[in-house]
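Residue-level listing of the chains:
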Amino acid sequence: MPINIAIIGVGNCASSLVQGLTHYTGRNDATGLMHHSLAGYRPEDIRVVAAWDIDARKVGRDVAQAIFALPNCTAVFAPDVPDTGAVVRMGRILDGVAEHMADYPDARTFVTADAAEPSRADVVAALRDAGVDVLMNYLPVGSQKATEFYAECALEAGVAFVNNIPVFIASDPVWADRFHKAGVPIIGDDIKAQLGATIVHRVLTDLFHKRGVKLCRTYQLNTGGNTDFLNMANHKRLEKKKISKTEAVQSVAAERMTDDNIHIGPSDYVAWQNDNKVCFLRMEGELFGGVPMNLELRLSVEDSPNSAGVAIDMIRCAAIARDRGLAGPVIAPAAYFCKHPPEQMTDDEAYEAVEAFIADGRAVAAPLS
């Protein structure tokens, strides 16, 4: 049975996701995926049936063509994506485009389309007409109003919502309650890459904890050259992102570090890196007898493909939740796949919880407050 998805924001992450659906079709290959078959759903069962963007180079084009349009700059590993039949519609701008983006060359930034923006009724009708099961939010970091607009659309249309960005919806008690009462599942917030800076930092922090090493201070500095990093050059858009990434690490530490002793967040835009993300990680601690130690690590990854396999697993978990008639935040997948879930767990605990969820649906609903 197919899973029909709609995409908000046809950027680099959406490009990797859609390329991946083609790449894995007909392959018995689980590389990059938690499972090749997840509760009977395979990657090739996912179909893109609707999409929204605001860039003139994408609006009006089939998703299969739009994913390769500028300013997208991620790796092309499936160049022959067949047409999906889904034409990218003009989206709502709201706070989705930061003012400073206009100061950069067209090849690096968004070029806003001169087209009428849709109303909520327009989006809801499109979701229903296309038979969408899961709505994927890939808006730029800091798009609070725009994310809330599409979350409202998902609620009204009765479509499961996967929130890949650090705007707090699933982890906000008010929004969580609204999704619960509407009978609509949601997984979020802020996707955690397959092997990215956050998961590596979390695992090492948990290792310090388990081995009895006191973590005294740490930083995580990240650079990249895609539109995500360019958008985040405006630090006013980073408040939720920094909270999300910092809490992901603090939540697995033996003791919370003071704000002065932990710094995690995007650091700089380096255009020539394109979609390559480089993380510089340092951790300072104390061993037996208070003897000091430190660890330094450099991680380089292609940013968007690093999240695409996780996105495919989130889509399938959202479909499982929908199939089972679940409502509100889906706790186990959120804890495993997201940086800022409604309930933080260690990665070992989250892995066991999501496996149990896939098997029989245990631990699915968030406590409402």
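Residues numbered from 1 in each chain as written. Predicted model: local features only at pLDDT ≥ 70, side-chain atom pairs only at ≥ 80, totals over all residues. Heavy atoms only, no water.

Time to look at the UniProt feature "domain: Myo-inositol-1-phosphate synthase GAPDH-like" (unreviewed entry) in the protein. Feature annotation in UniProt assigns "domain: Myo-inositol-1-phosphate synthase GAPDH-like" (unreviewed entry) to the following positions: residues 196-304. Measuring from the first to the last C-alpha atom of residues 196-304 gives 10 Å, for a span that is 28% helix and 38% strand. (UniProt positions renumbered as here; feature names shortened; annotations may be inferred. Helix = DSSP H or I, 4+ residues; strand = E, 2+ residues; numbered from the N terminus.)

It is worth spelling out the sheet that holds strand 8 (residues 262-269) at this point. Read across the sheet, four strands follow the order 8-7-9-10 without closing on themselves; strand pairing throughout is mixed. Lying at the two open borders of the sheet, with one neighbouring strand each, are strand 8 and strand 10 (292-302). Averaged over all neighbouring strand pairs, the angle between strand axes comes to 10°, with direction disregarded. Sitting on the sheet, helix 6 (residues 197-210) is in contact with strand 7 (214-224), strand 8, strand 9 (276-286) and strand 10, with an inclination near 15° to strand 9. (Pairing = 2+ DSSP bridges. Axes fitted to C-alpha atoms, helices over the stretch in contact; angles between N-to-C directions. Contact = heavy atoms within 4.5 Å.)

Here the structure, examined in full by the defined rule, presents seven aromatic pairs. Ring centres of Trp175 and Phe179 lie 6.4 Å apart, and the angle between their planes is 45°; this geometry places the pair in the tilted category. On the criterion of helical spacing, the pair formed by Trp175 and Phe179 is a turn pair, its members being four residues apart in helix 5 (residues 173-182). One aromatic cluster in this structure is built from Trp52, Phe149 and Tyr150. Over the face of the ring belonging to Phe149 we find Arg92, whose NZ or CZ atom lies 4.7 Å from the ring centre. Against the face of Phe357 rests Arg324, its NZ or CZ located 5.3 Å from the ring centre. (Phe/Tyr/Trp six-rings, centres within 6.5 Å; stacked < 30°, edge-to-face > 60°. Lys NZ or Arg CZ within 6 Å of the ring centre and 35° of its normal.)

Turning next to the domain arrangement of the protein. In terms of domains, the protein is made up of domain 1 (3-192 + 305-359) and domain 2 (197-302). Averaged C-alpha coordinates put domain 1 and domain 2 at centres separated by 25 Å. The partner domain 2 presents 31 residues to the 33 residues of domain 1 that form the contact. At the boundary of domain 1 with domain 2, total buried surface from both sides reaches about 2600 Å², with 55% on carbon and sulfur atoms. Among the residues domain 1 hides against domain 2, the three largest losses belong to Arg108, Val141 and Lys339. Together they make up 24% of the total. Between domain 1 and domain 2 we count three salt bridges in total. Two residues, Lys241 and Asp190, come together in a salt bridge whose shortest N-O distance is 3.7 Å. Summed over the shared surface of domain 1 and domain 2, the result is 17 residue pairs in polar contact (both at pLDDT 80 or more). Taken together, the elements giving at least two residues each to the side of domain 1 that touches domain 2 come down to helix 9 (305-323) and helix 11 (347-360). (Domains from an automatic or database assignment. Buried area = accessible area lost by both parts, 1.4 Å probe. Salt bridge = Lys/Arg side-chain N within 4 Å of Asp/Glu carboxyl O. Polar contact = N/O pair within 3.5 Å; in protein donor to acceptor, adjacent residues only side chain to side chain.)

Further remarks concern the side chain of Asp275. Positionally, Asp275 belongs in the loop between strand 8 and strand 9. At a separation of 3.0 Å, a polar atom in the side chain of Asp275 contacts the main-chain amide nitrogen of Ser304. If near-sequence neighbours (up to four positions away) are discounted, Asp275 is found in contact with Asn12, Cys73, Thr74, Asn226, Val301, Glu302, Asp303, Ser304 and Pro305.

On to helix 5. Turning to helix 5, its buried residues number three or more, namely Trp175, Ala176, Asp177 and Phe179. Elements that come into contact with the buried residues of helix 5 comprise helix 4 (144-157), strand 5 (160-163), strand 6 (185-187) and strand 11 (328-329). Its side-chain oxygen at 3.0 Å from the backbone nitrogen of Val174, Asp172 defines the N-terminal cap of helix 5. Just past helix 5, the residue Gly183 takes up positive phi, approximately 75°. (Buried < 20%, exposed > 50% of the residue type's maximum accessible area, 1.4 Å probe, protein only.)

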